[in-house]
Protein chains: 2
Amino acid sequence: MTISAPVTRMKSGERRELILEAATEVFAETGYVGTTTADIARAAGVSQPYVVRLFGTKEQLFLDVIQRALDVLLAAFRGALDDATSDVPLGKRMALAYVNQLNQHGLLLSLMHAFVLGRDPVIGAAARAGFMKVYRFLRDDAGFDPLEVQNFLASGMLVNTMIGIDMVEDYDGDPDVRELMECAFPEKLDMVRALASQREQEQR
Amino acid sequence: MTISAPVTRMKSGERRELILEAATEVFAETGYVGTTTADIARAAGVSQPYVVRLFGTKEQLFLDVIQRALDVLLAAFRGALDDATSDVPLGKRMALAYVNQLNQHGLLLSLMHAFVLGRDPVIGAAARAGFMKVYRFLRDDAGFDPLEVQNFLASGMLVNTMIGIDMVEDYDGDPDVRELMECAFPEKLDMVRALASQREQEQR
DNA sequence: AGTCTAAGTAATCGATCGATAACTAATCAT
DNA sequence: ATGATTAGTTATCGATCGATTACTTAGACT
């Protein structure tokens, strides 16, 4: 009677990973509070109760999402740091490694949603800890001095904001938007625009 | 039978302004979706239905909040721009004008909550329009060239993030937090800290 | 072949929220 | 004074959401 979903089962660890990736996208789009566990379940192709059973609570799922995002980000930084073959200066390599994370669409933006909830006792504490982990990495491992770190983080937060505000949406219609974005995404504007139009295709 | 609230009536315009100010604080703390009209009503000392009747919908109230925030911010910029008596360079005057807005606690943060909802069709459009209004002011009225504007905005977004993540919460417990914040809030760190502890007092 | 474990779903519930309706009373204009 | 207007409330409703419970079945292991 009921239309059965495709019944290929996974091991729970593998399914968890899929759900984490789907949740990253959905949280990025609608924020922590604005995202329902049903939204995530739909995006991941499972039932809503299974999402909460795998992660306990929506809050825990969000914490796992931002934890994973930080792990991915720091791994990318480490990769750029260890890439000694390049003659590109370190600061620029790190900046490119950051902007490259926009390939996994929701990654930086889901972090941003956590950053803006600092007053929430548990999410806020996790967000601060994660942010400071990045700060310490840039200072201690990458060897930036505090002022360099600050400039790097500032540029990163502007990138996050431009993505969060979905500025590409107005790229074609407003020459000022174009001017600003060409300035804010060094060498990676084409990628950002391509991802945006790809996203638009998917939503049909 | 019921304990009557103090029955001094206001003209609706005046009450609207009070509610807008209260809503700015509450939206800043818990975000657009995470804030209920009842929360705002409580903060403003009126009933929940009256809030939605004065503004139509919660969405319209939020739009009015960020519109007002932008007006206040641009007025402050204009003030700093016109203050020709000072021998402080223009860039620094503008930066101080920005950080000074933290006096009205939720102002910059409520804007940040709008910036992060760019995919919402109506809030996103308003957020982009507001952001670009600031961009154009800095470029055309303040006379910054695009790169200066970009650096200015980047610093601003870092400030917003540090406030949103509530970094002051860990100021005393983590020397790295202290180092970062001293770097990020030029000359205004004392003010930020004072406001935070004042806020903590209020919540008892 | 049969059993047991783990993956997954359907059904449902209590709480919460934004909005509407219906009502009350203060203030203002004549 | 009184009637009209405007400021404000109480009560309530339909929708939504996260979570729980109880059930089903695919696949691994003897």
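Cut-offs used in this document
Residues numbered from 1 in each chain as written. Chains lettered and ligands numbered in written order. Predicted model: local features only at pLDDT ≥ 70, side-chain atom pairs only at ≥ 80, totals over all residues. Heavy atoms only, no water. Least-squares fit on C-alpha atoms with pLDDT ≥ 70 in both. Contact = heavy atoms within 4.5 Å. Near = heavy atom within 4 Å. Polar contact = N/O pair within 3.5 Å; in protein donor to acceptor, adjacent residues only side chain to side chain. Helix = DSSP H or I, 4+ residues; strand = E, 2+ residues; numbered from the N terminus. Nonpolar A, V, L, I, M, F, W, Y, C, P; charged D, E, K, R; others polar. Buried area = accessible area lost by both parts, 1.4 Å probe. Salt bridge = Lys/Arg side-chain N within 4 Å of Asp/Glu carboxyl O. Phe/Tyr/Trp six-rings, centres within 6.5 Å; stacked < 30°, edge-to-face > 60°. Buried < 20%, exposed > 50% of the residue type's maximum accessible area, 1.4 Å probe, protein only. Lys NZ or Arg CZ within 6 Å of the ring centre and 35° of its normal. Axes fitted to C-alpha atoms, helices over the stretch in contact; angles between N-to-C directions. Left-handed = near helix turned anticlockwise from the far one by under 90°.

Looking up chain A in an unreviewed UniProt entry gives the name TetR family transcriptional regulator, with the organism given as Subtercola lobariae.

Caption draft 1: Seen up close, the relation of the copies chain A and chain B. Overlaying chain A on chain B yields an RMSD of 0.0 Å, the required transformation being a rotation through 180° with an accompanying axial translation of 0.0 Å. What we have between these two chains is a two-fold relation. Among all residues of chain A, the minimum C-alpha distance to the rotation axis is found for A154 of chain A, at 2.4 Å. Residue by residue, 100% of the interface of chain A is reproduced at the interface of chain B, so both copies engage with the same surface.

Caption draft 2: Structural context of the protein's contact with DNA strand C. In the vicinity of DNA strand C there are 19 residues, among which R15, S47 and R53 of chain A together with T37 and K58 of chain B approach most closely. Taken together, the sugar and phosphate atoms account for 54% of what DNA strand C places within 4 Å of the protein. Contacts to DNA strand C include M10 of chain A, whose backbone N or O atom sits 3.0 Å from a phosphate oxygen. For DNA strand C, a phosphate oxygen lies 2.8 Å from a polar atom in the backbone of T37 of chain B. Of all elements in the fold, only α1 (12–34) and α3 (48–55) of chain A together with α3 (48–55) of chain B reach the threshold of two or more residues within the surface near DNA strand C. The dominant element in the surface near DNA strand C, judged by the number of residues it contributes, is α3 of chain B, at four residues. Broken down by class, the residue content of the surface near DNA strand C amounts to six nonpolar, seven polar and six charged.

Caption draft 3: Up close: the interface of chain A and chain B. Counting from both sides, the interface comprises 42 residues of chain A and, opposite them, 42 residues of chain B. Interface area, chain A with chain B, both sides summed: about 4100 Å², of which 65% is carbon and sulfur. Counting every contact that joins chain A to chain B gives 12 salt bridges. Among the salt bridges present, the one from D170 of chain B reaches R128 of chain A, with a minimum N-O distance of 3.2 Å. Seen at the junction of chain A and chain B, the total is 20 residue pairs in polar contact (both at pLDDT 80 or more). Only α1, α6 (107–115), α7 (121–141), α8 (146–164) and α9 (175–184) of chain A provide two or more residues apiece to the side of chain A that touches chain B. Ranked by the residues each element gives to the side of chain A that touches chain B, the list is headed by α8 of chain A, at 11 residues. Of the residues assigned to the side of chain A that touches chain B, the class counts are 23 nonpolar, seven polar and 12 charged.

Caption draft 4: Quick look at the packing of aromatic side chains. Residues and elements named next belong to chain A. Applying the stated criterion across every chain yields a total of 18 aromatic pairs over all chains. The interplanar angle of 15° and the centroid separation of 6.3 Å between the aromatic rings of F77 and Y98 together place this pair among those described as stacked. With F77 in helix α4 (residues 58–82) and Y98 in helix α5 (residues 90–100), this residue pair connects regions lying 21 residues apart in the sequence. Y98 matches F77 in its accessibility class, with the two residues each being buried. Between F144 and F152, the ring centres sit 5.9 Å apart and the planes meet at 65°, which makes this aromatic pair edge-to-face. There is no split in this pair, since F144 and F152 are both buried. One cation-aromatic arrangement involves K58 over Y32; the distance from NZ or CZ to the ring centre is 5.0 Å.

Caption draft 5: Structural view of the packing of α4 of chain A against α5 of chain A. Residues and elements named next belong to chain A. One can describe the packing of α4 onto α5 by two numbers: an axis separation of 9 Å at closest approach and a directional angle of 150°. Between α4 and α5 the crossing geometry is right-handed. In contact with L73, A76, F77, A80 and L81 of α4, α5 contributes L90, R93, M94, A97 and Y98. Within the contact of α4 with α5, the residues separate by chemical class into nine nonpolar, no polar and one charged.

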